[in-house]
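Observations on the three-dimensional arrangement
Spelled out, the chains give:
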Amino acid sequence: MIGLISATAAGAAARDRLAAAWPDRTRVYEGPVGDAVRTAFAECEQLVCFLATGAVVRLVAPLLDDKRTDPGVVCVDEGGRFAVPLVGGHGGGANELARAVGELLGAEPVVTTATDAVGLPGLDTLGLPCEGAVAAVSRALLDGEPVVLEAEVPWPLPALPTAAHGSYTVRLTDRAVEAGEREVLLRPPSLVVGVGASKGAPAEEVLGLVEEALREAGLSARSVAELATVDAKADEPGIVAAAERLGVPLVTYPAGELAAVDVPNPSDAPLAAVGTPSVAEAAALLGGGELLVPKRKSAMATCAVVRRPGRGRLAVVGLGPGARDLLTPRAKAELRRASVLVGLDQYVDQIRDLLRPGTRILESGLGAEEERARTAVAEARGGRAVALIGSGDAGVYAMASPALAEASDDIDVVGVPGVTAALAAGAILGAPLGHDHVSISLSDLHTPWEVIERRVRAAAEADLVVTFYNPRSRGRDWQLPKALAILAEHREPTTPVGVVRNASRPDEAGRVTTLAGLDPATVDMMTVVTVGNTATREIAGRMVTPRGYRWQEEAR
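Reading the values: rules and limits
- Residues numbered from 1 in each chain as written.
- Predicted model: local features only at pLDDT ≥ 70, side-chain atom pairs only at ≥ 80, totals over all residues.
- Heavy atoms only, no water.
- Helix = DSSP H or I, 4+ residues; strand = E, 2+ residues; numbered from the N terminus.
- Buried < 20%, exposed > 50% of the residue type's maximum accessible area, 1.4 Å probe, protein only.
- Contact = heavy atoms within 4.5 Å.
- Areas by Shrake-Rupley, 256 points an atom, 1.4 Å probe, with all protein chains shown as cover.
- Pairing = 2+ DSSP bridges.
- Expected span 1.5 Å × (residues − 1).
- Arc of directions from axis to C-beta.
- Axes fitted to C-alpha atoms, helices over the stretch in contact; angles between N-to-C directions.
- Salt bridge = Lys/Arg side-chain N within 4 Å of Asp/Glu carboxyl O.
- Phe/Tyr/Trp six-rings, centres within 6.5 Å; stacked < 30°, edge-to-face > 60°.
- Lys NZ or Arg CZ within 6 Å of the ring centre and 35° of its normal.
- Core = buried A, V, L, I, M, F, W, Y, C linked by side-chain atoms within 4.5 Å.

**Things to note about the overall build of the protein**
Secondary structure summary: the protein contains 19 helices and 28 strands in total. In terms of its C-alpha atoms, the protein occupies a principal-axis envelope of roughly 85 × 65 × 60 Å. For the protein, the proportion of its 556 residues judged to be buried stands at 47%. Restricting to contacts in the protein with at least 6 residues of sequence separation, those with at least 24 account for 64%. For the protein, the accessible area works out to roughly 25900 Å², and carbon and sulfur atoms hold 51% of it.

So, in structure tokens, the structure goes:
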């Protein structure tokens, strides 16, 4: 819960805007400011104070205990110009909260945490339990000293500027080891513990068996991702309590699914009791992985431990038409989350400044789309966080299609939409896409011209507005005239046609002409051509396709 505190009418107005936007996440604290801050500090995970920073410093100073558990506190000034994370920037989530508040209220987030200021991810913000010399290793990263990343378990981390050799270390491990003097341990949730238990098995026995298995195998309990068992034991009190004490979810599976898992130590007892020859081993192995601890037993419980490799992550990111302000916040976040970027060299240049230090860039030239897709998928299969970029929307004549044709269900895939060239050009021209429309690429490098021509003819006969991508290049100069001739069989010579080159970029150029007046020689691969339907009109220099509302017809 986020506590909201204000002292003035201006602060209350901004406070109420936040409360209205986040009704399920916020609670307004009224009354004397000092009392409100103290109460909210005790009851909430985060605070937003519409007060001067000095006042909040004096109010929260006596309340501070431990940065790992104190709530994050954000201050917003009276004018709503700035959102300042005061305490708990990382541990309390105040930095991210300041950014979210800033986006909602139009305030500038003022983040002073050293790692955030230079674009480095904080080691304590990676979503993994973190142990050891966090401050010392973070300072080494900031100072440019060589820091080694030792990934004993592959995991999709964001980029870190690490080196092959150095005196500081970030170790990604699920083993029960102590951090060295200049070392940070990151605990990935890589372990799955399968459990079974007789009816009425005490929680202490289940938990004790699990902890003993982990300890003897040299594994860290902080890397346990879940407890897994059979559906029939979903409500078994001892198992439920053990999961709660470990702070992990309890995942259950039908007996039939567990019975199909090949295990080294099947038994007749669970087969008779719950319908599967294995509970602990089968439940741990069902999602795949390496069996580290085979089934072990106590008087009333069994357990087994499996290490599941981290699933790689592939984000297919649309960069939009080129203007930085048309690059979505989600796209920016994915670029900063990736440790590997794959893309066309000219697109990489557009967003190079947004990448975190240490991002590995794999760029190539025109015509290597399938190679880039294969590379991105292979990197993700290696357990890395990968961003594959394309212009416009990555799913429209771009990289999503070849990438997803290569990807299987062994990696996580995230699609990030972008503003397409057709939409960017349409906004420049007016409203040419106001009714049904279709996009057609005139490139016959991968699609036979016979297929393209059939699609153009169908669009012409259906009276659809048509946007042509890849309309003309030096080596392909006859396709656009041919397509326009097909449309001319069904549309008047005066049909409006919009031509936009480099939409949203500094040298953007757009004009409205007609089907008869368009000179194909003025069109190139950086151009989008939109041909109106029989209802499209040029109005005040703008291209407009009526939506066709019935009330418009009735008003005529």
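**Looking at the pairing of strand 24 (residues 496-501)**
Buried residues dominate strand 24, accounting for five of its six residues. Note that strand 24 and strand 25 (residues 509-514) share six bridges and pair antiparallel. Considered in strand 25, the bridge of Gly 498 is made with Val 512. Bridging between strand 24 and strand 26 (residues 527-531) involves five bridges; their strand directions are antiparallel. Note that in strand 26 the partner of Val 497 across the bridge is Val 531.

**So, the side chain of Glu 226**
Locating Glu 226 in the fold gives a position in strand 12 (residues 224-230). For Glu 226, a relative accessible area of 14% translates into the label buried.

**Considering helix 8 (residues 237-246)**
Helical geometry note: an α-helix holds 3.6 residues per turn, so side chains three or four residues apart project in the same direction. Every buried residue of helix 8 is accounted for by Gly 238, Ile 239, Ala 241, Ala 242, Ala 243 and Leu 246. In the segment just after helix 8, Gly 247 is the residue with positive phi, at about 75°.

**Considerations on helix 1 (residues 9-21)**
The terminal C-alpha atoms of helix 1 lie 18 Å apart, and with 13 residues this matches the ideal 18 Å at 1.5 Å per residue to within 8%. The complete set of buried residues in helix 1 reads Gly 11, Ala 12, Ala 14, Arg 15, Leu 18 and Ala 19. Buried residues of helix 1, seen end-on, are gathered within an arc of 165° and therefore sit on one face of the element. Facing away from the buried surface of helix 1 by more than 90 degrees, the exposed residues are Ala 9 and Ala 20. Looking at the buried side of helix 1, the elements it contacts are strand 1 (2-6), strand 2 (26-28), strand 3 (46-50) and helix 4 (94-105).

**Remarks on the sheet that holds strand 26**
If you trace the five strands from one edge of the open sheet to the other, you get 22-23-26-24-25, paired in mixed fashion. Of all strands in the sheet, those bounded by a partner on one side alone are strand 22 (437-441) and strand 25. Between one strand and the next, the sheet's axes are offset by a mean angle of 20°, whatever the strand orientation. Relative to strand 22, helix 17 (residues 449-461) is tilted by about 160°, and along the sheet it contacts strand 22 and strand 23 (465-469). Strand contacts of helix 18 (residues 479-488): strand 23 and strand 26, with the helix running at about 175° to strand 23, the strand carrying the most contacts.

**Regarding the pattern of salt bridges**
Evaluation of the coordinates by the stated rule reveals 30 salt bridges. For Arg 296, the salt bridge identified is with Glu 216, shortest N-O distance 3.1 Å. Separated by 80 residues along the polypeptide, Arg 296 in strand 14 (residues 290-297) and Glu 216 in helix 7 (residues 203-217) bring together distant segments of the chain. With a closest N to O distance of 2.9 Å, Asp 353 and Arg 324 form a salt bridge. One end of the pair, Asp 353, is in the loop between helix 13 (345-351) and strand 18 (360-364); the other, Arg 324, is in the loop between strand 16 (313-318) and helix 12 (329-337), and 29 residues separate them in sequence. Take Asp 353: its relative accessible area is 55%, and that puts it in the exposed class. Through salt bridges that share partners, Glu 150, Glu 152, Arg 171, Arg 175 and Glu 183 make up one connected network.

**Brief notes about the packing of aromatic side chains**
Under the defined criterion, the tally for this structure stands at two aromatic pairs. On the basis of an interplanar angle of 50° and a centroid distance of 4.7 Å, the ring pair of Tyr 397 and Tyr 469 is categorised as tilted. One end of the pair, Tyr 397, is in the loop between strand 19 (385-390) and helix 15 (400-406); the other, Tyr 469, is in strand 23, and 72 residues separate them in sequence. Judged by centre distance (5.0 Å) and plane angle (70°), the rings of Trp 449 and Trp 478 are edge-to-face. Note that Trp 449 is positioned in helix 17 and Trp 478 in the loop between strand 23 and helix 18, a separation of 29 residues in sequence. Residue Trp 449 is classed as buried on the basis of its relative accessible area of 10%. Over the ring of Trp 22 we find Arg 25, and its NZ or CZ is 4.3 Å from the ring centre.

**Quick notes on the nonpolar core**
With 23 residues, the main nonpolar core has Val 193 and Leu 227 as its most contacted residues. The set of elements that each furnish at least two residues to this core consists of strand 11 (191-197), helix 7, strand 12, helix 8 and strand 15 (301-307). Sort the elements by how many residues they give to this core and helix 7 lands first, with six residues. In this structure, Leu 227 is in contact with Val 193, Val 195, Ile 239, Ala 242, Ala 243, Leu 246, Val 248, Pro 249, Leu 250 and Val 251, ignoring residues within four places of it in sequence.

**Details of unusual backbone geometry**
In this structure, Tyr 397 takes a positive phi of about 50° despite not being glycine. A positive phi angle, near 60°, is found at Asp 463, a position not held by glycine. Here Asp 463 is to be found in the loop between helix 17 and strand 23.

**With respect to the sheet that holds strand 7 (residues 130-132)**
Strands pair in a sheet through their backbones, by hydrogen bonds, and they do so in one of two ways: parallel or antiparallel. Pairing in this open sheet of four strands is mixed, and the strands run 7-10-9-8 from one edge to the other. Both edges of this open sheet fall to strand 7 and strand 8 (147-151), since each of them pairs with a single strand only. Taking the axes of each pair of neighbouring strands and ignoring which way they run, one obtains an average angle of 20° across the sheet. Here four bridges tie strand 9 (residues 168-172) to strand 10 (residues 183-186), and the two strands are oriented parallel to one another. Its bridge partner being in strand 10, Val 170 is matched across the sheet by Val 184.

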